[in-house]
Amino acid sequence: MMKPRPGAPKPDILPLRGTRPRFPASLERVAPGAAGVRAPTTAEAARVHGRVAAPAVSAAAGVGLDSVAVRQAMVRRLADLGLTHPAVLQALGQVERHRFVDSGLVAQAYEDTSLPIGWGQTISKPSVVARMLELLCEGQALPLGRVLEIGTGCGYQAALLSQLCREVYSMERVRALHDRARENLRPLRIPNVHLIFGDGIPGYPQGAPYAGIVAAAGGGDIPPAWLQQLAIGARLVAPAELQPGKQSLVVVERTARGFERRVLEGVWFVPLKSGTA
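This structure is a prediction, so every number in the text was calculated from the model and none was measured. (Residues numbered from 1 in each chain as written. Predicted model: local features only at pLDDT ≥ 70, side-chain atom pairs only at ≥ 80, totals over all residues. Heavy atoms only, no water.)

### Side note on the overall build of the protein
Thinking step 1. Scanning the protein from terminus to terminus reveals nine helices and ten strands.
Thinking step 2. The contacts of the protein with a sequence gap of at least 6 include a subset with a gap of at least 24, amounting to 60%.
Thinking step 3. For the protein, the accessible surface area stands at approximately 12400 Å², while carbon and sulfur atoms represent 55% of it. (Helix = DSSP H or I, 4+ residues; strand = E, 2+ residues; numbered from the N terminus. Contact = heavy atoms within 4.5 Å. Areas by Shrake-Rupley, 256 points an atom, 1.4 Å probe, with all protein chains shown as cover.)

As structure tokens, this is what we get:
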């Protein structure tokens, strides 16, 4: 890891059990879009995070929002919407979304809807999160390397990224949300997520270059600092307000020749702001 500049925000490394995960060789060979691709098994994904997978029968026996069946029903609905990336769907089936929302909203946790998380922010609807992660991962060999997330929010997407990447740096400008994400993630004992309190517009050059960057807030355009922190062959996925009052999902790939940009469907995210609060 590069040594941080004096005065730069330092990653708040969660004091969790274990070190960076060892990915099984079978998982490292997952390449979306290639012939013969398969999603990592539940046992493989559990070993990645230093846990022993429970037998399938025991997992299926859960009840209520802790039940695997509840998450799998959400995954099936997302697949019906056309979301097909196997590793992304696997991650969505493993991470318990209800643990990241307010207690009064847990009944809606597995609906395809965004929910308020306080301080003027929201947790994005599962279909939007899945879409952005698919765009980040499509055609790439998994696990991705080090990935930067701009806008930790409640920590849900960081938990999903931990299933898809070797290392996740997640930045949040609102101190209360940064603290909340830390508390949400702590019980999950995920060793490869590092939370950083700071302004996300300059990115986090101390960890660059990144194998991917994903943002959960949209500004007038993609900040140049983010582009410069992408590795060659890496991809950025973020909303941007390219026309007044109209956000679009933007994908930028860095190649040896420069940057290739795609503007996709309309979306609506909270505005990208500078500074900390």
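### A word on helix α4 (residues 68–80)
Thinking step 1. Its 13 residues place the ends of α4 18 Å apart at the C-alpha level, agreeing with the 18 Å of an ideal helix rising 1.5 Å per residue.
Thinking step 2. Those residues of α4 that fall on the buried side of the exposure criterion are R71, A73, M74, V75 and L78.
Thinking step 3. In this fold, the buried residues of α4 make contact with α5 (86–94), α6 (126–137) and α7 (156–164).
Thinking step 4. The residue sitting at the N-terminus of α4 and contributing the capping side-chain oxygen is S67; that oxygen lies 3.0 Å from the backbone nitrogen of A69.
Thinking step 5. G82 lies just past α4 and shows a positive phi near 105°. (Expected span 1.5 Å × (residues − 1). Buried < 20%, exposed > 50% of the residue type's maximum accessible area, 1.4 Å probe, protein only. Polar contact = N/O pair within 3.5 Å; in protein donor to acceptor, adjacent residues only side chain to side chain.)

### Topic: the state of the cysteines
In a disulfide, the sulfur atoms of two cysteines are covalently bonded to one another.
Thinking step 1. Scanning the entire structure with this criterion turns up zero disulfides.
Thinking step 2. In this structure C165 is not part of a disulfide, and its nearest cysteine sulfur, from C137, lies 6.3 Å away.
Thinking step 3. Residue class for C165 comes out buried when judged on its relative accessible area of 0%. (Disulfide = S-S within 2.5 Å.)

### Focus on the environment of K273
Thinking step 1. Its place among the elements puts K273 in the segment after β10 (258–267).
Thinking step 2. You can call K273 partly exposed: its relative accessible area is 48%.
Thinking step 3. Considered as a pair, K273 and R173 are 100 residues apart in the sequence and their alpha carbons are 8.4 Å apart.

### Considering the packing of aromatic side chains
Thinking step 1. Per the counting criterion, the structure on display carries two aromatic pairs.
Thinking step 2. When the centroid spacing of 5.6 Å and the interplanar angle of 65° are considered together, the rings of Y169 and Y204 count as edge-to-face. With Y169 in strand β5 (residues 165–172) and Y204 in the loop between β6 (193–197) and β7 (210–215), this residue pair connects regions lying 35 residues apart in the sequence.
Thinking step 3. When its relative accessible area of 0% is taken as the criterion, Y169 is described as buried.
Thinking step 4. Just above the ring of Y156 sits the side chain of R97; from NZ or CZ to the centre is 5.8 Å.
Thinking step 5. The ring of F197 carries R175 above its face, with NZ or CZ at 4.0 Å from the centroid. (Phe/Tyr/Trp six-rings, centres within 6.5 Å; stacked < 30°, edge-to-face > 60°. Lys NZ or Arg CZ within 6 Å of the ring centre and 35° of its normal.)

### What about the pattern of salt bridges?
Thinking step 1. Considering all chains together, one arrives at 15 salt bridges under this definition.
Thinking step 2. E96 is the salt-bridge partner of R99, the closest N and O atoms lying 2.1 Å from each other.
Thinking step 3. According to the relative accessible area criterion, R99 is partly exposed, its value standing at 40%.
Thinking step 4. Residue R262 pairs with E253 through a salt bridge whose shortest N-O separation is 3.9 Å.
Thinking step 5. For E253, a relative accessible area of 23% puts it in the partly exposed group.
Thinking step 6. Here the salt bridges share partners, and the residues they tie into one network are R175, D179, R182, E183 and R186. (Salt bridge = Lys/Arg side-chain N within 4 Å of Asp/Glu carboxyl O.)

### With respect to the packing of α6 against α7
Thinking step 1. For the pair α6 and α7, the least separation of the axes is 12 Å and the interaxial angle reads 30°. On the basis of their axis angle, the class for α6 and α7 is roughly parallel. When the axes of α6 and α7 are compared, the crossing they make is right-handed. Where α6 approaches α7, its residues V129, L133, L136 and C137 are matched on the opposing element by Q157, L160, L161 and L164.
Thinking step 2. When the residues that make up the contact of α6 with α7 are grouped by side-chain class, the tally is seven nonpolar, one polar and no charged. (Axes fitted to C-alpha atoms, helices over the stretch in contact; angles between N-to-C directions. Parallel < 35°, antiparallel > 145°, perpendicular 65-115°, else oblique. Left-handed = near helix turned anticlockwise from the far one by under 90°. Nonpolar A, V, L, I, M, F, W, Y, C, P; charged D, E, K, R; others polar.)

### Quick word on the packing of α4 against α5
Thinking step 1. The geometry of α4 relative to α5 is characterised by a closest axis approach of 8 Å and an angle of 150° between their N-to-C directions. Note on packing geometry: the crossing formed by α4 with α5 is right-handed. Here α4 contributes R71, Q72, M74, V75 and L78 to the contact with α5, which in turn contributes L89, L92, G93 and Q94.
Thinking step 2. Split into classes, the residues belonging to the contact of α4 with α5 amount to five nonpolar, three polar and one charged.

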